[in-house]
Amino acid sequence: VLTNQFHDILPGSSIGEVYTQTEEELTDIAEKAQALCDTLLARLCTGTDATPVNTLGVPRAEIATTPSGALAHITAEPFSIGRTTNTADNVTVEENGGTITLRNAALTAVLARDGHLVSLIHNATQREALAGPANRILLFDDQPLDYDAWDIDPFALETARDAAPAHSCTIVTRDLLRAELRFERKLGRDSTLIQIVRLDAGANNLVFDTTIDWRERKTLVKAMFPLDIRAGHATYETMFGAAERPTHANTDGDLAKYEVPGQRWADLSEPGFGLSLLSDVKHGYSCLGNQLALSFIRGPMMPDPNADIGTHRFRYALYPHAGDWRNANTVAHAAAFTRPLLWAKGTPDAILQRPLATASAPNVIVDTIKPAEDGDGWIVRLYESTGARTNATLTFNVPVKSAALSNTLEDVVTPLTLNGNAFALKLRPFQIATLKLT
């Protein structure tokens, strides 16, 4: 895995032979990881019923597709099994000439048959999130002066043109728990884009499940979202934190941030209202003024003339919210969006019936629980996610004999005082803490 995290492999700037090898190695890793997961779940489960498992340190409630293909509303506590529960919410679909309206308790989304999102209302505040037609699919001439696969030059942004409108719009799912529209369109000269736009009962985000058959060269594709939000900075997730970037070009430094990296989300918020753009595998964002955008794909020809040719599938979602990204708990929502529930065959052992570990403060994210490298005990890695000093209590639903702050080498640094199976922590803004437990 770590070899394939090499800096030229990740952005797509290696030679073609590298990706042939990388795909083989990552496919092998994925198959072995799935087999290991199935083995571990089988040891913990008895029976034949399908049971959802939440592998995240955050609670979640969502519509999921069961192994049998049925839709179910699942709620799950951190690091525990999920349960099928009822939801009072449902989704409606209304056709009105050239538009289709999807509505649940949280959102009202209006889509034109050409694939544009023309309105997105946050029902609780009755705020319109958009300043104009959104989900604009834009194509740019992408011809950097140097370093073809490495750079996006700023003058490329002056060549923006709209992709062809969708030539097909179909309602593919019309259920109380889920509504889906399918749009098809050409993308450039030889490529195609298919999007399933999804709204679920109980959901607070509108999902765009996207498949691109990519054949273009020297072309950049972005989705643009003009927002009815005014702010001097946008925020982007980093590993174990978040960073603000300017939405203006007042200085040369600001001007250089026309394309910036982000992990699972980007957010533009003003006092009282904002919108988070969630993304599962695309990590190039931009925000100039109120124009928030996500980069989809490029077509460099050096060092690999066939870079990225083929089929790509990815998802992104729009999450309008009251307050800013901290109030909206965007970190947890993005984690759940990018990490689907697992499904176990059978009823799990009691250890999974209750949350394995919970933090008393929602901004404290328990990210990882793993065996210690020396075989003695367990390592827990957590972090403060909003940039706020926080006192929190971490509680385990298994017996804890000892707990200590550790370092990344897993050496014990400072013992912690236990209160049953819980202990208190004081975290600095964005602090990453490593704990060793027995």
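Residues numbered from 1 in each chain as written. Predicted model: local features only at pLDDT ≥ 70, side-chain atom pairs only at ≥ 80, totals over all residues. Heavy atoms only, no water.

(A) Broad picture of the overall build of the protein. Helix and strand content of the protein: three helices and 33 strands. Taken over C-alpha atoms, the radius of gyration comes to 23 Å for the protein, in line with the 22 Å a tight globule of 438 residues would show. When its C-alpha atoms are laid out on the principal axes, the protein stretches across 65 × 50 × 45 Å. Counting only residues that meet the buried cut, the protein has 48% of its 438 residues in that class. Considering only intrachain contacts with a sequence separation of at least 6, the fraction spanning at least 24 residues in the protein is 61%. Accessible area of the protein: about 20,800 Å², with a carbon and sulfur share of 53%. The average position of the 39 basic charges and that of the 52 acidic charges among the side chains of the protein differ by 4 Å. (Helix = DSSP H or I, 4+ residues; strand = E, 2+ residues; numbered from the N terminus. Rg over C-alpha atoms; globule rule 2.2 N^0.38 Å. Buried < 20%, exposed > 50% of the residue type's maximum accessible area, 1.4 Å probe, protein only. Contact = heavy atoms within 4.5 Å. Areas by Shrake-Rupley, 256 points an atom, 1.4 Å probe, with all protein chains shown as cover. Lys, Arg positive; Asp, Glu negative; His and termini not counted. Charge placed at Lys NZ, Arg CZ, Asp CG, Glu CD.)

(B) Molecular detail of the sheet that holds strand E8 (residues 117–122). Spatial strand order, E5-E6-E7-E8-E9: five strands in an open sheet with antiparallel pairing. Unpaired on one side and paired on the other, strand E5 (92–96) and strand E9 (127–128) mark the two borders of the sheet. As paired strands, strand E7 (residues 107–112) and E8 are joined by five bridges and run antiparallel to one another. Considered in E8, the bridge of Val110 is made with Ser119. (Pairing = 2+ DSSP bridges.)

(C) View of unusual backbone geometry. With omega at 15°, the peptide bond leading from Met302 into Pro303 counts as cis. When you line up the elements, Pro303 lands in the loop between strand E23 (291–297) and strand E24 (310–322). Positive phi is not limited to glycine here, since Lys218 has a value of about 55°. Mapped onto the elements of the fold, Lys218 is located in the loop between strand E15 (206–214) and strand E16 (219–226). Exposure remark for Lys218: the relative accessible area of 26% places this residue in the partly exposed category. Not every positive phi belongs to a glycine, and Asn329 is a case in point at roughly 55°. With respect to the helices, strands and loops of the structure, Asn329 is situated in the loop between E24 and helix H3 (330–338). Look at Asn329 and you get partly exposed, because its relative accessible area is 30%.

(D) Local environment of the sheet that holds strand E22 (residues 284–288). One open sheet holds the six strands; their spatial order is E11-E10-E16-E23-E22-E19, and the pairing between them is antiparallel. The outermost strands of the open sheet, each flanked by one partner alone, are strand E11 (161–162) and strand E19 (260–261).

(E) Highlighting H3. Across the nine residues that make up H3, a large majority, seven, are buried. Among the residues of H3, those classed as buried are Thr330, Val331, Ala332, Ala334, Ala335, Ala336 and Phe337.

(F) The pattern of salt bridges, seen in detail. Counted by the stated rule, this structure contains 24 salt bridges. Of the charged contacts, one joins Glu270 and Arg127 as a salt bridge, the two residues approaching to 3.2 Å between their closest N and O atoms. Of this pair, Glu270 sits in strand E20 (residues 265–270) while Arg127 sits in strand E9, placing them 143 residues apart in sequence. Overall, the relative accessible area of 19% leaves Glu270 in the buried class. Sharing partners across several salt bridges, the network here consists of Glu180, Arg198, Asp209 and Arg313. (Salt bridge = Lys/Arg side-chain N within 4 Å of Asp/Glu carboxyl O.)

(G) Spatial organisation of a nonpolar patch on the surface. A contiguous nonpolar patch, built from Tyr147, Trp150 and Met302 and spanning about 360 Å² of accessible area, is present on the exposed surface. One can find Met302 in the loop between E23 and E24. (Patch = residues over 30% accessible without salt bridge, like charges linked within 9 Å, V, L, I, M, F, W, Y side chains within 5 Å.)

(H) Expanded view of the nonpolar core. Leu117, Leu120, Phe296 and Tyr316 are the most contacted members of the largest nonpolar core, which totals 53 residues. What Phe296 contacts, discounting residues up to four positions off in sequence, is Ile137, Leu193, Gln195, Ile212, Val221, Lys222, Ala223, Lys282, Phe314 and Tyr316. (Core = buried A, V, L, I, M, F, W, Y, C linked by side-chain atoms within 4.5 Å.)

(I) Quick peek at the environment of Phe6. Considering the arrangement of structural elements, one finds Phe6 in the segment before helix H1 (16–44). Sequence separation of Phe6 and Lys426 is 420 residues, and the distance between their C-alpha atoms is 35 Å.

(J) Layout of the environment of Ala129. Tracing the chain through its elements places Ala129 in the loop between E9 and strand E10 (136–141). Residue classification places Ala129 among the buried residues on the basis of a relative accessible area of 0%. Through-space distance from the C-alpha of Ala129 to that of Trp214 is 31 Å; in sequence the pair is 85 residues apart. Setting aside residues no more than four positions away along its own chain, Ala129 makes contact with Leu120, Pro226, Leu227, Asp228, Phe273, Leu275 and Pro320.

(K) Fine view of the side chain of Arg198. Here Arg198 is to be found in strand E14 (residues 191–200). Exposure remark for Arg198: the relative accessible area of 13% places this residue in the buried category. At a separation of 2.6 Å, a polar atom in the side chain of Arg198 contacts the side chain of Glu180. (Polar contact = N/O pair within 3.5 Å; in protein donor to acceptor, adjacent residues only side chain to side chain.)

(L) A look at the pairing of strand E3 (residues 71–76). Pairing of strand E2 (residues 60–65) with E3, which is carried by six bridges, proceeds in the antiparallel orientation. Each residue of the ladder has a partner; that of Glu62, found in E3, is Ile74. From the end of E2 to the start of E3, which pair antiparallel, there are five residues, and Gly69 there has a positive phi angle of about 95°. Hairpin connection from E3 to strand E4 (residues 80–84): three residues lie between these consecutive antiparallel strands, with Phe79 at a positive phi of about 50°.

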